[in-house]
Amino acid sequence: SAVISQKPSRDICQRGTSLTIQCQVDSQVTMMFWYRQQPGQSLTLIATANQGSEATYESGFVIDKFPISRPNLTFSTLTVSNMSPEDSSIYLCSVSQSRGHEQYFGPGTRLTVT
Amino acid sequence: DQQVKQNSPSLSVQEGRISILNCDYTNSMFDYFLWYKKYPAEGPTFLISISSIKDKNEDGRFTVFLNKSAKHLSLHIVPSQPGDSAVYFCAARGKATGANNLFFGTGTRLTVIP
């Protein structure tokens, strides 16, 4: 399985500001995803990061709030914009190869918004 | 609407005994099911999976059972070891919504008592 790293591992931010989270994979992968895990909740898919094109967002998530980039097959960023305390969550990226069904997750970014 | 449910938030088991973690789902279009294990401050780690065309898959100490008529799956760990203490998530792939979108349950915290 691929080795996935995320930066930062955690951050404390003020409301109204934005934070960009990076996801780096040690090998080329077909698919990359961004999830959110709010306190006490399950993992919820935010969007699929598409290489060279706009991300595909799930219901309830919009590009203005969560802009995503994926410039190549090993790297993606998620920005949490105009943050409020409700955005306090763990944000995780995951990857999958086209032939496989499993997704492999990064260590997550713990975000606290004050 | 939670399509994948884990109704037991926690489970305690003695070392050497069997651990049984349960998961229910509502969407009959799910075609692939997975279990993930998550330690604190780490991302979920893929554990074992099962296709909807099977009713059992075994990998070492881990066995997953699928009962499609009941829309229920379970993960058996035997014998349980203290290192198995973690949060376990079941997940399902929605065939109709995309190749790799996963829907997660809320997790069950397993504690294996030495």
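Note that the coordinates shown come from a computational prediction; the quantities given were computed from them, not determined experimentally. (Residues numbered from 1 in each chain as written. Chains lettered and ligands numbered in written order. Predicted model: local features only at pLDDT ≥ 70, side-chain atom pairs only at ≥ 80, totals over all residues. Heavy atoms only, no water.)

Focus on the interface of chain B and chain A
- At the junction of the two partners, chain B supplies 19 residues and chain A supplies 19 residues.
- Summing both partners gives a buried area of about 1600 Å² for chain B against chain A, and 56% of it is carried by carbon and sulfur.
- Taken together, the links from chain B to chain A amount to 0 salt bridges.
- Viewed at the interface, chain A and chain B are joined by 3 residue pairs in polar contact (both at pLDDT 80 or more).
- Listed by contribution, the elements that provide at least two residues to the side of chain B that touches chain A are strand 4 (30-38), strand 5 (45-51), strand 9 (86-94) and strand 10 (102-104) of chain B.
- For the side of chain B that touches chain A, the leading source of residues is strand 4 of chain B, giving 4 residues.
- Classifying every residue of the side of chain B that touches chain A gives 9 nonpolar, 7 polar and 3 charged. (Contact = heavy atoms within 4.5 Å. Buried area = accessible area lost by both parts, 1.4 Å probe. Salt bridge = Lys/Arg side-chain N within 4 Å of Asp/Glu carboxyl O. Polar contact = N/O pair within 3.5 Å; in protein donor to acceptor, adjacent residues only side chain to side chain. Helix = DSSP H or I, 4+ residues; strand = E, 2+ residues; numbered from the N terminus. Nonpolar A, V, L, I, M, F, W, Y, C, P; charged D, E, K, R; others polar.)

Let's talk about the sheet that holds strand 8 (residues 75-80) of chain A
Residue and element names in this part refer to chain A.
- Ordered in space as 1-3-8-7, the 4 strands form an open sheet in which the pairing is antiparallel. Every other strand in the sheet has two partners, leaving strand 1 (4-7) and strand 7 (68-72) as the edge strands with one partner each. Recorded for the sheet is a direction-independent mean angle of 15° between the axes of neighbouring strands.
- Bridging between strand 1 and strand 3 (residues 19-25) involves 4 bridges; their strand directions are antiparallel. Residue pairing for strand 3: S5 is matched across the bridge by Q24. (Pairing = 2+ DSSP bridges. Axes fitted to C-alpha atoms, helices over the stretch in contact; angles between N-to-C directions.)

Some words on the pattern of salt bridges
- Counted according to the given criterion, the structure contains 3 salt bridges over all chains.
- Notably, a salt bridge pairs K65 of chain A with D87 of chain A, separated by 2.7 Å at the nearest N-O pair. Residue K65 of chain A is located in the loop between strand 6 (56-57) and strand 7, and its partner D87 of chain A is located in the loop between strand 8 and strand 9 (89-96); the two are separated by 22 residues in the primary sequence.
- By relative accessible area, D87 of chain A is classed as buried at 5%.
- As a salt-bridge pair, R61 of chain B and D84 of chain B come within 2.8 Å of each other at their nearest N and O atoms. Here the residue R61 of chain B occupies a position in the loop between strand 6 (56-59) and strand 7 (62-67), and D84 of chain B occupies one in the loop between strand 8 (72-77) and strand 9, the gap between them amounting to 23 residues. (Buried < 20%, exposed > 50% of the residue type's maximum accessible area, 1.4 Å probe, protein only.)

Quick look at unusual backbone geometry
- Following K7 of chain A, the chain continues to P8 of chain A via a peptide bond in cis, the omega torsion being -10°.
- The residue P8 of chain A is located in the loop between strand 1 and strand 2 (10-13) in this model.
- At K71 of chain B, a position not held by glycine, the phi torsion is positive, near 50°.
- Looking at the secondary structure, you find K71 of chain B in the loop between strand 7 and strand 8.
- Given a relative accessible area of 26%, K71 of chain B falls into the partly exposed group.

What about the packing of aromatic side chains?
- Scanning the model with the defined rule gives 13 aromatic pairs over all chains in all.
- Look at Y104 of chain A and F46 of chain B: their rings are 6.2 Å apart centre to centre, the planes differ by 75°, and that puts the pair in the edge-to-face class. Here Y104 of chain A is found in strand 10 (residues 104-105), whereas its partner F46 of chain B is found in strand 5 on a different chain.
- Residue F46 of chain B is classed as partly exposed on the basis of its relative accessible area, which comes to 21%.
- For the ring pair F89 of chain B and F104 of chain B, a centre distance of 6.5 Å and an interplane angle of 80° mean the geometry is edge-to-face. Of this pair, F89 of chain B sits in strand 9 while F104 of chain B sits in strand 10, placing them 15 residues apart in sequence. Accessibility classification places F89 of chain B together with F104 of chain B in one group, the buried group. (Phe/Tyr/Trp six-rings, centres within 6.5 Å; stacked < 30°, edge-to-face > 60°.)

Structural notes on the environment of T111 of chain B
All names here are of chain B.
- Relative to the assigned elements, T111 resides in strand 11 (residues 108-113).
- On the basis of relative accessible area, T111 is assigned to the partly exposed category, the value being 34%.
- Sequence spacing of T111 and A86 is 25 residues, and the spatial spacing of their C-alpha atoms is 6.9 Å.

Structural notes on the sheet that holds strand 3 (residues 19-25) of chain B
All names here are of chain B.
- Spatially, 5 strands are ordered 1-3-8-7-6 in an open sheet, and the strand pairing comes out antiparallel. Two strands close off the open sheet at either side, each with one partner strand: strand 1 (4-5) and strand 6.
- Summarising the sheet, strand 1 and strand 3 pair through 2 bridges and their orientation is antiparallel. Across the sheet, V4 pairs through a bridge with Y25, a residue of strand 3.

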